[in-house]
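# Structural features, examined
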Amino acid sequence: MQIRNFSIVAHIDHGKSTLSDRLLMRAGAITEREFKNQILDDMDLERERGITIKASAVTVLHTHTPAGGKPEQYMLNFIDTPGHVDFHYEVQKALQACEGAILVVDSTQGVQAQTVANAYAAIDVGLEIIPVINKIDLPGAQPERVAEELEQVLGFAAEECIFVSAKTGQGVDELIGQLCEKLPPPRGNPDAPARALIFDSIYDDYRGVIVYCRVVDGQLVKGQKIRLMGNGREYQITDLGKLMPRPTRVEQIGTGEVGYLVAAIKNLHDVRIGDTVTDALTPAAEALPGYKPIQQMVFCDFYPSGKTQYDELRDAMDRLQLNDSSFTFAPESSDALGFGVRCGFLGLLHMEIIQERLEREFNIEVVQTAPTVTYEIALTGGESIRIDSPSELPNLTHVLEIREPFIMMNLILPADSVGALMKLCEERRGVYRKTEYIGPTRVILQYEMPLAEVIYDFYDKLKSATKGYGTMDYDLLGFRAGDLVKMDILVNGDKVDALSLIVHRDKAEARGRKLLVRLKKEIDRHLFEIPLQAAIGGKIIARETIKSVGKNVTAKCYGGDVTRKRKLLEKQKEGKKRMKRIGSVDIPQEAFMAILESED
Amino acid sequence: MILLATIPLPAISSALTPQHLPAARINALYVHIPFCFHKCHYCDFYSITRQTPERMTNFVDRILSEADLWSGAATSPARQADHRHLTIEPRTIFFGGGTPSLLPPPAMQRLIQGLQKRFDCRGCIEWTIECNPATVSLDYCAMMRELGVNRLSFGAQSFHQPELAALERHHDPDDVPRSLEMARRAGFERLNIDLIYAIPGQSLESWADNLQRAIALNTEHLSCYGLTYEPNTPIAVKKRLGRITAVQETIELEMLHHTRRYLSAAGLNAYEVSNYARTGKVCQHNIAYWHGDDYIALGPSGASHVQGHRWKNRGHLGGWERAIDSQTLPVDQYEHLSPSARAGELAMLLLRLEEGLSFSFFQQRTGLDARTIYASQIDALTQAGLLNCTDEHLSFTETGLNVIDAIAGEFILDSE
């Protein structure tokens, strides 16, 4: 039997999930009804957001007859990949488990930022790529033009592209044929000690961690004692299986094949994507290359709000971590917001997903503080530390320099919005790299930018400047030193930790002023005047004042109806319960989001 | 701290009977007479305008029936047996409305005498009846005076016709001096005029002129209320629709402070946010409200308070009538305050008084030391220059008065 391992990569909404399901259906693995339910995505949230968060692998047996040849059995292993830049590492590992990839482009949308990013990711790990132009059934489809774009941007021959409608099934047979004929078979040594690449893992309440892997050398057998080479932990395989697409038990997974193993692993943290499974008794000499521990780049705090208590929030975070080990959290407390958790995420979308899952699956309400990035602090003693919160910044006398993460930003834009985006990138301390035309009306714009400048509202700005047509993708370049300072915010003379932020010195004053203006809007007038100040070190760089309440006296006769008077006053003060009191100032929770939105 | 919480209480308001109340001495009595000739556009007190003499006569019968429920309770053997003595001996009585003076003379006479028959009124030092300037005659005043009423309060509101028109008040400004004159001739030595300031279109000068005219009438007492736009009153609707414009807040505050200075110079000292009196002539009935005394109210929408139990009578005449006819208290909203809520409420009331909150009085009423339980508020508010704190008193400052509701709110919230 022939084996073909492949992934589908695409920009969001270009039809990856539908095409996956259509392929499975054509190959006879699922029914028309299941097709409608998009079985590969098993979390509601993913379906609603139209993205796939967790990869999984499906095996289909297919009989293919090449032109003029004999029918032959093919085992098609389809490895799904997360569709967002935040999961870059996971995407890379999933791709590494394959020999080929289908690159899907929407025939009405053309090449987008993630099309390029994903294509390069696949090329980087040496995959054979089959370009597919999807949604050709739609009225606005321009498959030929998109094929030309692909040729221009990524160098595929336009005539290589397969025109497909995942929805109607048109072109799908041809695609399956190419999968069988064009993709190379897996190479590996069946006689070498077992090595399997972990590309995904999920937590199951009954069986513990389920590990998805691609066997590169040797084989995995039920009952085998295995070792995870990254952390040296050993387990015994209790169960092996493949998703066909229903979980189906097997006795072994052979060289080049894909499947899952269960080995009484209790904690998702023990299983790292990219790690190598080997035989515990005859271990391989070397692990598979490219294993990296997960690096969270975006941090923010969640504080319980509304009816939610801190304990409930913690429990929910614990539960969430059972099936997503890629975020971190640790207890945190702030004068302003009480007890909460400090969380680290792979990126912005990842942060949003976790927050939404908290609300949706656990009914947890949180206030989220402004996201920050990780900073690398070079200390005078020669060592360097990483901090993910402005409050962790050591005393400046010990700080040699502050370094921030930089990214390479790829933007794909309608040509007429290039000016607006260049202006935006310049404002955000971007360093211009290049502009490249793809077709007559679209442009790739490339900037090196500080990640911190992107995590606020860059995406929203991009969407509004391009009427929704612009797309972005980024790669981490590393840490670079900058003239960065910590700006503190003082409300009525009291420093509010939750509002401190690290900013570039040149932008501090403008940023501080905007932030104070926003705060002024959020904080109600009090019985006394409230000064608002932004400060760097001891130096005040911006100031605003909230005037005291002018009139709040009812000179009215209520007779003996004291209850009424009291209720009126109670109502007047009702909103205060949702506020945090700092010193003697009541600050609404919204005010803590002011840092998020001060970039107008 | 306070024992009231241990007394079993009715869960729902309609079940309240005098039997449930703890021992109390009730020294203040209010009677709400909900009849008006015309409903003024700013007023949100309960009143009805289309009434017949017959209904007013029946009304008096029912007020007296309601009084019977109380006097009966006060003397009930059950209460006597467990020493929960309920004594109703009014020191002050207040007829408010509505327009009490709309009651036909025989009805008024029957009401006054009926109450005197049911309660021991020998200790009554102040009996006030609210009157509309255009509604009283000399005979009517004389009749009231003879029966023991010793204080009349006239709703003058303004001496300027356009301002009265803005309020939809239907009397002639000249009715006021005429009515006061009649009252004096009938032997009344304690008279009050109600005035309203911050009427749309009113200037500071116009308000000052109103005050001057009021002082010229030489009353012992003046109440000056800032116009309040109560939800769903016609005047509030007009404001919302932009047909009238409210007086600016800063001007309203100037009016308030001008009033205090001007009346004080004329011998009428402020003793509460809206009330001014010559020495010894403060309204004792209002003081009873503001000191958290026990009082009961008869008539629709009347509000009562007995030892932390507060309730309000049914607001509509028909509902009130039906309750009385079935021999039950016409209670609509009832609540029993926790000791801390009661303390907060008392602080709210006392802080509106010129003399402020007396720590010893507060301690005596609540068993709590205000300096301890409100330490943080007192600290913050005195520092902000809004309250004065001496060894004996906590009282508002000039600027504190401007935001007295917010100040009171601090005490209420944090007492919950």
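None of these values were measured; they are calculated from a predicted model. (Residues numbered from 1 in each chain as written. Chains lettered and ligands numbered in written order. Predicted model: local features only at pLDDT ≥ 70, side-chain atom pairs only at ≥ 80, totals over all residues. Heavy atoms only, no water.)

Residue and element names in this part refer to chain A. Within this structure, the stated rule accounts for 59 salt bridges over all chains. A salt bridge links Lys225 to Glu234, with the nearest nitrogen and oxygen atoms 3.8 Å apart. Between Arg518 and Glu522 there is a salt bridge, and its shortest N-O distance comes to 3.3 Å. Of the two residues, Arg518 and Glu522 are both situated in helix α12 (residues 505–522); the distance of 4 residues between them amounts to about one turn of the helix. A residue is classified by how much of its surface remains accessible, and Arg518, at 19% relative accessible area, is buried. (Salt bridge = Lys/Arg side-chain N within 4 Å of Asp/Glu carboxyl O. Helix = DSSP H or I, 4+ residues; strand = E, 2+ residues; numbered from the N terminus. Buried < 20%, exposed > 50% of the residue type's maximum accessible area, 1.4 Å probe, protein only.)

On to the sheet that holds strand β10 (residues 225–228) of chain A. Residues and elements named next belong to chain A. An order of β11-β10-β16-β7-β8-β15-β12-β13 is seen for the 8 strands of this open sheet, with the pairing classed as antiparallel. Two strands close off the open sheet at either side, each with one partner strand: β11 (234–236) and β13 (247–249). Averaged over neighbouring strand pairs, the angle between their axes works out to 40° when direction is ignored. As paired strands, strand β12 (residues 239–243) and strand β15 (residues 258–262) are joined by 3 bridges and run antiparallel to one another. (Pairing = 2+ DSSP bridges. Axes fitted to C-alpha atoms, helices over the stretch in contact; angles between N-to-C directions.)

Right, let's get into the sheet that holds strand β14 (residues 387–389) of chain B. All names here are of chain B. Taken in spatial order, the 3 strands make up an open sheet running β13-β15-β14, and their pairing is antiparallel. Pairing within the sheet leaves two strands with one partner each, and these edge strands are β13 (357–358) and β14. Inspection of the sheet shows β13 paired to strand β15 (residues 393–396) by 2 bridges, in the antiparallel sense. Along β15, the bridge assignment pairs Leu357 with Leu394. In the packing of helix α15 (residues 375–383) onto the sheet, contacts are made with β14 and β15, and the angle to β14 comes to roughly 115°. (Contact = heavy atoms within 4.5 Å.)

What follows is about the pairing of strand β26 (residues 442–450) of chain A. Residues and elements named next belong to chain A. Among the 9 residues of β26, 9 are classified as buried, and the element is accordingly described as predominantly covered. Of the two faces of β26, the one holding Arg442, Ile444, Gln446, Glu448 and Pro450 and the one holding Val443, Leu445, Tyr447 and Met449 are both buried throughout. Two strands pair when backbone bridges link them, and strand β24 (residues 399–414) and β26 are joined in this way by 9 bridges, in the antiparallel orientation. Each residue of the ladder has a partner; that of Leu411, found in β26, is Leu445. Pairing between strand β25 (residues 431–438) and β26: 7 bridges, direction antiparallel. In the strand pairing of β26, Ile438 is matched with Arg442.

Turning to the interface of chain A and chain B, a few remarks are in order. On the chain B side, the residues contacting the 28 residues of chain A number 41 residues. The largest contributions to the chain A side of the interface with chain B come from Leu527(A), Lys551(A) and Arg566(A), which together make up 22% of the buried area. Applying the counting criterion to the chain A and chain B interface returns 7 salt bridges. With 9 residues, helix α13 (residues 562–572) of chain A is the single largest residue contributor to the side of chain A that touches chain B. (Buried area = accessible area lost by both parts, 1.4 Å probe.)

A contiguous patch of negative charge, built from Glu144(A), Glu148(A), Glu151(A) and Glu159(A), is present on the exposed surface. Tracing the chain through its elements places Glu148(A) in helix α6 (residues 143–154). (Patch = residues over 30% accessible without salt bridge, like charges linked within 9 Å, V, L, I, M, F, W, Y side chains within 5 Å. Areas by Shrake-Rupley, 256 points an atom, 1.4 Å probe, with all protein chains shown as cover. Lys, Arg positive; Asp, Glu negative; His and termini not counted. Charge placed at Lys NZ, Arg CZ, Asp CG, Glu CD.)

Residues and elements named next belong to chain A. Compared with an ideal rise of 1.5 Å per residue, which puts 15 residues at 21 Å, helix α9 (residues 348–362) spans 21 Å between its outermost C-alpha atoms and is within 8% of the ideal. Buried within α9 we find Leu349, His350, Met351, Ile353, Ile354, Gln355, Arg357 and Leu358. Of the residues one or two after α9, Asn363 is the one with positive phi, at around 60°. (Expected span 1.5 Å × (residues − 1).)

Confidence in the prediction of chain A, expressed as mean pLDDT, is 85, and 92% of residues score 70 or more. Below pLDDT 50 for its whole length, residues 39–55 of chain A participates in 60 contacts with residues either more than four positions away or in separate chains. (pLDDT = per-residue confidence, 0-100.)

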